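The residues making up each chain are set out below.
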Amino acid sequence: VYGGCAATSRGASEEGASRSLDLPTLVYCVQRNFSGRTNLLRRVVTQAVACCFGKHCVALIRPCSVDRLIRDNLASPEGTARHLMLLTRSPAVLPLLLESSHVPLHRSAVLVGSRFPEDRTEMYLVHQVQRVKLCMMRGEICVAVNHDRIYEALYDVLNQRYLVQRDRRTGATRRMLRLAIGSRSELVEVSAGFRLLVVVDSQQAYEQLDLPLLNRFEK
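Residues numbered from 1 in each chain as written. Predicted model: local features only at pLDDT ≥ 70, side-chain atom pairs only at ≥ 80, totals over all residues. Heavy atoms only, no water.

Colleague: What is the right way to look at the side chain of N73 in this model?
Modeller: When you line up the elements, N73 lands in helix α4 (residues 66-74). Within the local environment of N73, its side chain forms a polar contact with the side chain of R195, the two groups lying 3.1 Å apart. Look past the residues within four positions of N73 in its chain and what remains in contact with it is R32, A81, R82, H83, L84, R195 and E218. (Helix = DSSP H or I, 4+ residues; strand = E, 2+ residues; numbered from the N terminus. Polar contact = N/O pair within 3.5 Å; in protein donor to acceptor, adjacent residues only side chain to side chain. Contact = heavy atoms within 4.5 Å.)

This is the structure we're talking about:
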């Protein structure tokens, strides 16, 4: 709820302090913060519009495209948006993402979950988390596809609880996040541009993933 209010406030003021909230901006902000379950989103958008503009404006609702929502999330300034979870029932979403301009191949890495026993070992998991670490340090987009075993290591990353370190000599600052790697954890420098994009089957997400994990993502 806080995220929705904050986004609505930013949307109303980004073009000037005197600009009032309009209907498209409200719909956009609600979509950014309450997407995931289609029926729930439709209900929240309808109630928000009716409350702010009157029931007669409900018929004027025009949802934003998924393409724009993905683009705006990945382009959000650091610390202003949750990381992104794409809920899908189609295996074609990954090729479409990579063919789009939203996930440039030269600054992204794709991690795909596996059910093979050899890929369920702790050593394999550590290797995958190390790849996330590289993305954080390089400011790249990390795309994790049906990779449920990796999520537990990323809770602090998803919370975006940054530790800021300042160099006493130069005055330069570094933003750090704690990343769990195997049985230990370490602080990792996060460069501008880092985003985590999780692609998961929608049915699996709501039946198998923990609710606190789902709430940490923009969907």
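Further notes follow.
Colleague: Looking at this structure, how should I read the packing of helix α2 (residues 23-34) against helix α3 (residues 38-53)?
Modeller: Between two packed helices, the angle of one axis relative to the other and the distance separating the axes together describe the packing. Look at α2 against α3: their axes get within 10 Å of each other, and the N-to-C directions meet at 145 degrees. The chirality of how α2 crosses α3 is right-handed. Across from L23, L26, V27, V30, Q31 and F34 in α2, the residues of α3 making contact are L41, V44, V45, A48, V49, C52 and F53. Looking at the contact of α2 with α3 residue by residue, the class counts come to twelve nonpolar, one polar and no charged. (Axes fitted to C-alpha atoms, helices over the stretch in contact; angles between N-to-C directions. Left-handed = near helix turned anticlockwise from the far one by under 90°. Nonpolar A, V, L, I, M, F, W, Y, C, P; charged D, E, K, R; others polar.)

Colleague: What am I meant to see in the side chain of E186 here?
Modeller: Mapping E186 onto the fold places it in strand β6 (residues 184-189). Among the polar contacts made by the side chain of E186, one reaches the side chain of K133 at a distance of 2.7 Å. Non-local contacts of E186, meaning those with residues more than four positions away in its chain, are made with K133, L177, R178, L179 and I181.

Colleague: Mind showing me how you'd approach the pairing of strand β3 (residues 141-145) here?
Modeller: Two faces, one strand: in a regular strand the side chains alternate between the faces of the sheet. Where burial is concerned, most of β3 is hidden: five out of the five residues are buried. Across the two faces of β3 the burial is the same, with I141, V143 and V145 and C142 and A144 all buried. Note that strand β2 (residues 108-112) and β3 share five bridges and pair parallel. Paired with A109 across the strands is C142, a residue of β3. Traced from β2 through helix α6 (residues 122-138) to β3, the parallel crossover comes out right-handed. Where β3 lies against strand β7 (residues 195-201), five bridges are found, and the strand directions are parallel. Counterpart to I141 in the pairing with β7 is R195. (Buried < 20%, exposed > 50% of the residue type's maximum accessible area, 1.4 Å probe, protein only. Pairing = 2+ DSSP bridges. Right-handed = clockwise from strand over helix to strand, strands pointing away.)

Colleague: Explanation requested: the packing of aromatic side chains in the structure shown.
Modeller: The way to describe two aromatic rings as a pair is by their centre distance and the angle between their planes. Summed over the entire model, instances satisfying the criterion amount to zero aromatic pairs. A cation over an aromatic ring shows up here: R37 above the ring of Y206, its NZ or CZ 3.8 Å from the ring centre. Stacked on the ring of Y162, the Lys or Arg R175 has its end atom at 3.9 Å from the ring centre. (Phe/Tyr/Trp six-rings, centres within 6.5 Å; stacked < 30°, edge-to-face > 60°. Lys NZ or Arg CZ within 6 Å of the ring centre and 35° of its normal.)

Colleague: Got a minute to help me understand the sheet that holds β7 in this structure?
Modeller: Sheet strands pair by backbone hydrogen bonding; their relative direction is either parallel or antiparallel. What the five strands build is an open sheet, ordered β2-β3-β7-β1-β8; its pairing is parallel. Single-partner strands in this sheet number two, and they are β2 and β8 (217-218). The pairing of strand β1 (residues 83-88) with β7 spans five bridges and is parallel. When the sheet's bridge partners are listed, L84 is paired in β7 with L197. Here α6 sits on the sheet in contact with β2 and β3, set at roughly 160 degrees to β2.

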